[in-house]
Amino acid sequence: MEKNKQDKIIELIDLTRKFEDGLIAVDGVNLYVRKGEFVTFLGPSGCGKTTTLRMIAGFDKPTSGKILLNGQDISALPPNKRPINTVFQRYALFPHLNVYDNIAFGLKLKRVRTAFESKGCKPVYKMKKLSKSEIAEKVGKVLKMVDLEGFEKRSVSTLSGGQQQRVAIARALVNEPEILLLDEPLGALDLKMRKDMQLELKEMHRKLGITFIYVTHDQEEALTMSDTIVVMKDGVIQQIGTPTDIYNEPKNAFVADFIGESNIFSGTYLGDKKVRFIGQAFDCVDEFEKNEKVDVVVRPEDVEITDAESGLVKGKIINSIFKGIHYEMTMKIGKTEIVIQDTVEKEVGETVGIRIKPDNIHIMAKEFSSNKYDGYITKKNTVCFGDGEFECDVCQLYDGSHLDDEGYLITADGEKIDLTDLDVKVEVGLKDIEITDDQEQGGAIGNIVSIIYKGDHYQLIVRTDENEEDFVFDTEDTWNVNDRVGVIIPKNKIKLSLVTEQKK
Amino acid sequence: MTHGCEEKTPKISFRFNRGQLCLPYAVFLALFVIFPLLVIVYYAFTAKDGTISFANFVWFFTDMSMIQVLLQSIAIGAITTVVCLLLGYPVAYVLSRIKSHRRGILLLLFVMPMCINFVLRAMAMKELLDMIGLLGKYNFLNTVIGMVYDFLPFMILPLYSVLIKMDKSLEEAAADLGAGRAKIFGSVIMPLSLSGILSGITMVFLPSMTCYVISDTYGNGKLRIVGKAIDKCFGQNDINSASVIALVLLVIMLLVTLFTGGFSKNDNTRGVEL
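Just so it is clear, the model here is predicted, and its values are computed rather than measured. (Residues numbered from 1 in each chain as written. Chains lettered and ligands numbered in written order. Predicted model: local features only at pLDDT ≥ 70, side-chain atom pairs only at ≥ 80, totals over all residues. Heavy atoms only, no water.)

S.K.: Help me out: how do you make sense of the overall build of chain A in this one?
M.R.: Secondary structure assignment for chain A yields eight helices and 35 strands. The principal-axis extent of the C-alpha atoms belonging to chain A is close to 105 × 65 × 45 Å. Counting every position in chain A, which comprises 504 residues, the buried fraction comes to 49%. Of all intrachain contacts in chain A linking residues separated by at least 6 positions in sequence, the fraction that spans at least 24 positions is 64%. When the accessible surface of chain A is summed, it comes to about 24,800 Å², and 47% of that surface belongs to carbon and sulfur atoms. Across chain A, the mean location of the 68 positive side-chain charges is 11 Å away from that of the 85 negative side-chain charges. (Helix = DSSP H or I, 4+ residues; strand = E, 2+ residues; numbered from the N terminus. Buried < 20%, exposed > 50% of the residue type's maximum accessible area, 1.4 Å probe, protein only. Contact = heavy atoms within 4.5 Å. Areas by Shrake-Rupley, 256 points an atom, 1.4 Å probe, with all protein chains shown as cover. Lys, Arg positive; Asp, Glu negative; His and termini not counted. Charge placed at Lys NZ, Arg CZ, Asp CG, Glu CD.)

S.K.: When you look at the overall build of chain B in this model, what are you seeing that I'm missing?
M.R.: Looking only at helices and strands, chain B has 13 helices and zero strands in total. Beginning at the N terminus, the succession of helices and strands in chain B can be written as α-α-α-α-α-α-α-α-α-α-α-α-α. The long-range share in chain B, meaning contacts at least 24 apart out of those at least 6 apart in sequence, stands at 71%. For chain B, the exposed area adds up to about 16,600 Å²; of that, 70% sits on carbon and sulfur atoms.

S.K.: Would you mind going over unusual backbone geometry with me for this structure?
M.R.: For residues that are not glycine, phi is negative in most cases, and the peptide bond is trans in most cases. With phi around 35°, Ile278(A) is a residue other than glycine that occupies positive phi space. If you trace the backbone, Ile278(A) turns up in the loop between β14 (274-277) and β15 (280-283).

S.K.: Would you take a moment to explain the sheet that holds strand β16 (residues 293-298) of chain A for this structure?
M.R.: Two orientations exist for strands paired in a sheet by backbone hydrogen bonds: parallel and antiparallel. Residue and element names in this part refer to chain A. Spatially, the five strands line up as an open sheet ordered β15-β14-β13-β16-β22, and their pairing is antiparallel. The open sheet terminates on both sides in strands that have one partner only, identified here as β15 and β22 (362-365). Geometrically, the sheet is characterised by an average inter-axis angle of 40° between neighbouring strands, direction not taken into account. By the bridge criterion, four bridges tie β14 to β15 in an arrangement that is antiparallel. Counted as the bridge partner of Lys274 is Asp283 from β15. (Pairing = 2+ DSSP bridges. Axes fitted to C-alpha atoms, helices over the stretch in contact; angles between N-to-C directions.)

S.K.: Before we go on, may I ask you to explain the domain arrangement of chain A in this structure?
M.R.: Interface size is commonly expressed as the accessible surface area that is lost when the partners come together. Along its sequence, chain A is organised into domain 1 (5-248), domain 2 (261-365) and domain 3 (370-498). Between the C-alpha centres of domain 1 of chain A and domain 3 of chain A the distance comes to 47 Å. (Domains from an automatic or database assignment.)

S.K.: What exactly am I supposed to notice about helix α5 (residues 191-208) of chain A here?
M.R.: Residues that lie three or four places apart on an α-helix share one face, since the helix turns once every 3.6 residues. All names here are of chain A. Helix length check: α5 (18 residues) gives 26 Å between terminal C-alpha atoms against 26 Å at 1.5 Å per residue, within 8%. Among the residues making up α5, those that are buried are Arg194, Met197, Gln198, Leu201, Met204 and His205. Seen end-on, α5 carries its buried residues on one side only, within an arc spanning 135°. Turned more than 90 degrees away from the buried face of α5 sit Lys192, Leu199, Arg206 and Lys207, all of them exposed. (Expected span 1.5 Å × (residues − 1). Arc of directions from axis to C-beta.)

S.K.: Sorry if this is basic, but what is going on with the packing of helix α2 (residues 99-109) of chain A against helix α3 (residues 132-145) of chain A here?
M.R.: Between two packed helices, what matters for the description is the angle formed by their axes and the separation of those axes. Residue and element names in this part refer to chain A. Running from amino to carboxyl end, α2 crosses α3 at an angle of 120°, the nearest separation of the two axes being 10 Å. Between α2 and α3, the interaxial angle falls into the category oblique. The handedness of the crossing between α2 and α3 is right-handed. Contact with α2, carried on its side by Val99, Tyr100, Ile103, Ala104, Leu107 and Lys108, involves Lys132, Ile135, Ala136, Lys138, Val139, Val142 and Leu143 of α3 and no other residues of that element. Taken together, the residues of the contact of α2 with α3 break down into ten nonpolar, no polar and three charged. (Parallel < 35°, antiparallel > 145°, perpendicular 65-115°, else oblique. Left-handed = near helix turned anticlockwise from the far one by under 90°. Nonpolar A, V, L, I, M, F, W, Y, C, P; charged D, E, K, R; others polar.)

S.K.: I keep staring at a nonpolar patch on the surface and nothing clicks. Help me out?
M.R.: All names here are of chain B. A grouping of Tyr25, Val27, Phe28, Leu31, Phe32, Val33, Ile34 and Leu38 is seen on the molecular surface, where their side chains present a nonpolar patch of about 820 Å² in accessible area. Of note, Phe32 is situated in helix α2 (residues 23-44). With a relative accessible area of 53%, Phe32 lands in the exposed category. (Patch = residues over 30% accessible without salt bridge, like charges linked within 9 Å, V, L, I, M, F, W, Y side chains within 5 Å. Salt bridge = Lys/Arg side-chain N within 4 Å of Asp/Glu carboxyl O.)

S.K.: How should I be thinking about the pairing of strand β9 (residues 179-183) of chain A in this particular structure?
M.R.: Along a regular strand, successive side chains alternate from one face of the sheet to the other. All names here are of chain A. Burial analysis of β9 places five of its five residues in the buried class, the great majority of the element. Taking every second residue as pointing to the same face, both faces of β9 are buried, with Ile179, Leu181 and Asp183 on one and Leu180 and Leu182 on the other. Here β9 runs beside strand β10 (residues 211-216); their pairing, made up of five bridges, is parallel. Note that in β10 the partner of Leu182 across the bridge is Tyr214.

S.K.: Teacher, can you tell me more about the sheet that holds strand β19 (residues 327-333) of chain A here?
M.R.: All names here are of chain A. Within the open sheet, the five strands sit side by side as β17-β21-β18-β19-β20. Their pairing is antiparallel. Of all strands in the sheet, those bounded by a partner on one side alone are β17 (303-306) and β20 (336-342). Across this sheet, the average inter-strand angle for adjacent strands is 45°, counted without regard to direction. Where β19 meets β20, seven bridges bridge the pair, whose relative direction is antiparallel. Bridging from a neighbouring strand, Met329 pairs with Ile340 of β20.

S.K.: Which parts of the structure should I look at to understand the packing of aromatic side chains?
M.R.: How two aromatic rings sit relative to each other is given by the distance of their centres and the angle of their planes. Applying the stated criterion to the full structure yields 24 aromatic pairs over all chains. Aromatic pair Phe265(A) and Phe277(A): ring centres 5.5 Å apart, planes at 20°, arrangement stacked. One end of the pair, Phe265(A), is in strand β13 (residues 263-271); the other, Phe277(A), is in strand β14, and twelve residues separate them in sequence. What makes Phe265(A) buried here is its relative accessible area of 2%. Note on Phe151(B) and Phe154(B): the rings are 6.1 Å apart at their centroids and 50° apart in plane angle, and the pair reads as tilted. One end of the pair, Phe151(B), and the other, Phe154(B), are both in helix α7 (residues 139-165), three residues apart, so they sit about a helical turn from each other. (Phe/Tyr/Trp six-rings, centres within 6.5 Å; stacked < 30°, edge-to-face > 60°.)

S.K.: It is not clear to me how the environment of Ile278(A) should be interpreted in this structure. Could you clarify?
M.R.: Residue and element names in this part refer to chain A. A relative accessible area of 11% means that Ile278 is categorised as buried. For the pair Ile278 and Phe265, spaced 13 residues apart in sequence, the C-alpha separation works out to 7.5 Å. With residues near it in sequence (within four places) discarded, Ile278 still touches Phe265, Val313, Ile333, Thr336 and Ile354.

S.K.: When you look at the interface of chain A and chain B in this model, what are you seeing that I'm missing?
M.R.: On the chain B side, the residues contacting the 25 residues of chain A number 21 residues. Surface buried jointly by chain A and chain B totals about 2,000 Å² across both partners, of which 64% is contributed by carbon and sulfur atoms. Note that Arg54(A) is salt-bridged to Glu172(B), the shortest N-O span being 2.7 Å. Viewed at the interface, chain B and chain A are joined by six residue pairs in polar contact (both at pLDDT 80 or more). At the level of secondary structure, the elements contributing two or more residues to the side of chain A that touches chain B comprise α1 (49-57), β6 (84-87) and α2 of chain A. Class assignment of the residues belonging to the side of chain A that touches chain B gives a composition of twelve nonpolar, nine polar and four charged. (Buried area = accessible area lost by both parts, 1.4 Å probe. Polar contact = N/O pair within 3.5 Å; in protein donor to acceptor, adjacent residues only side chain to side chain.)

S.K.: What is the right way to look at the nonpolar core in this model?
M.R.: Of all hydrophobic cores here, the largest spans 74 residues; its most connected members are Ile10(A), Phe94(A), Phe105(A) and Ile213(A). With sequence-adjacent residues up to four places away left out, Phe94(A) is seen in contact with Asn102(A), Phe105(A), Val156(A), Arg171(A), Leu170(B), Ala173(B), Ala174(B), Leu177(B) and Val188(B). Counting 36 residues, the second largest nonpolar core, distinct from the first, contains Val146(A), Leu159(A), Leu201(A) and Ile210(A). (Core = buried A, V, L, I, M, F, W, Y, C linked by side-chain atoms within 4.5 Å.)

S.K.: Would you take a moment to explain the state of the cysteines for this structure?
M.R.: Cysteine pairs can be covalently joined through their sulfur atoms, and such a bond is termed a disulfide. All names here are of chain B. Enumeration according to the criterion identifies zero disulfides over all chains in this entry. We note that Cys84 lacks a disulfide partner, and the nearest cysteine sulfur, in Cys211, lies 12 Å from it. Of the residues examined, Cys84 reaches a relative accessible area of 0% and is grouped as buried. (Disulfide = S-S within 2.5 Å.)

S.K.: Teacher, can you tell me more about the confidence of the model for chain A here?
M.R.: The predicted coordinates should not be examined in detail at positions where pLDDT is low. Looking at chain A as a whole, its pLDDT mean stands at 87, while 96% of the residues score no less than 70. Contacts from residues 1-5 of chain A, a stretch scored under 50 in pLDDT, to residues over four places away or in other chains number six contacts. (pLDDT = per-residue confidence, 0-100.)

S.K.: Help me out: how do you make sense of the side chain of His457(A) in this one?
M.R.: Residue and element names in this part refer to chain A. Tracing the backbone shows His457 in the loop between β31 (444-453) and β32 (458-464). For His457, a relative accessible area of 9% gives the class buried. Ignoring anything within four residues of it in the chain, the contact list for His457 reads Ser266, Ile452, Asp474, Thr475 and Glu476.

Shown next, in the form of structure tokens:
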């Protein structure tokens, strides 16, 4: 991706936006966009993609960091001073103006450097308004481009959603911006119209050569249109790459899950380009530490169905859905499910084998191997961490120690220690957390913010309100995102260690 | 009962059509609005002895003091309206753009004067004017101050309710297209809040022309506006003259409403009509 510096039209450096309520919408984003590129910010709602776009447009001021346009810091410039135009999510057409006046709005404000003849010698330059005929010509041209000729006098409220969308695009493009920002512009259109507009936008981008920065939560849209996709989550960039890169080589389980259908499994890297998952060792192309726990991603279309005997693994087909061009089948191998797409249908109940080519097995380092927190011991010898309070075994802090009747810790040497307010490091494994609907029963309370299916179990993240502490864990139970739950951790599963190395 | 012709006992229906729901108000309207209006018209066009005459109108439009009162009322109404608009618009705009829940509380603070007893409020204001030494010296100014104080909430509320409904991204769109703050206001916010401005004007101009309690209280009783003139005629038992003044006032109100677009069919004029 290393290219000539001159190529960068816009560059974001450590861009951060913190809202008044403490929410960090965008967290240290570093990114550059090359001239003429079609870049898409992709992510679920609340991932910071729109806020990033709004900062580029100038509607939001970054809390820290810089926005460079052609090498110049523009983060303090108001939106009207930036050579950037925006197509808004819900169009934001001026309801009191007709189509023509909506599109001409920007042109009427524009001043261009024009040469005036002065007495004989050099021409004098002045900033001059565009003439009526110049404006009319430009508006006519752009209306033709968006296929709305003859709509000049129409009131915008009489237009259909698709037509309003075209007016919004025309209104932005007529100003010949250096960068066109599009904030989920097709979100309000129906599927057919959306598909058409995707191609039209792509075509406009090709013809005009303007840099497009596009925001969407629709992965298919991003894959169809973009030169480069920036996948975001929780205000942080997860991966930047071409659509093919992102689809074929997702960097982590989140990207794999968000982009397209995928099977995600927990596996172990065995060394020598072999990885073990769904109970079998597979050849792969990536290299990791021997015995490292990894996430394995396999796209449904990359699974080949074979005879029961000639495959690497065999299992039973448990359902099959016709999807138009292929069948989507689910196969059960022991407790694990794997989704397969194939043009040939297998009977439900049939036992078949599967094979996966080494380069279709994508291995990613596990994001979490355990939850780690900073905590402290309370008077009652419980431990506070992750916005909650949990029962724990404090004796593990000192080998051979025990508690006396009053709750003081007696070390192996017979020393008496008051543990109250002692800072500790807390570690909890992914399999050691349970959640319950009875919030009061849990040591901490939070909402489920993410659920990723990993073949035979779900990986959930429960986030607390106060300090947004995350509890990441695996479960086989089905929950829903946004469920409010209590977090339960068995006493013996909380591993404590001292912050500063003291004598043991 | 014979077979074959079982008649259902007719159920008493308590269903109303929509028109019938308005019936109670229609009765009220006829009794207390239309009938008195007819009485006013009758008195306006009759002389003291009951014969039909236009003498009352001739009197109204030839009596210099009456014309002066009318002009004075219009001046007070107009100045009050302009001041209310200038003070109220920025407040309504800022209030409508506050993001947090504090908005409701702040709005309440601004319209609070409406909730305080009118007489109490008037007396307090009078004391205040007396304290700073304006009372008795500047009757016209004091009256305008009093009117603005009393009618400002009636300007803020309609403006606020229009501005709060305005899509905020329209302002961003205008800025995005190169408009500075003044331009955004002039070509987007102002035109789109026009209906609020007009209803604010109607709500302030008409009452402030006639509310003689305020002009009496703050103007030290020296300033006469049309409301006071009617009161005075009644005091002299001259119902006919009072009716004429009331009728002229009614016509002015209709004209103002007409002018501010109160009768226009499409309240929300959007773009060019086809």
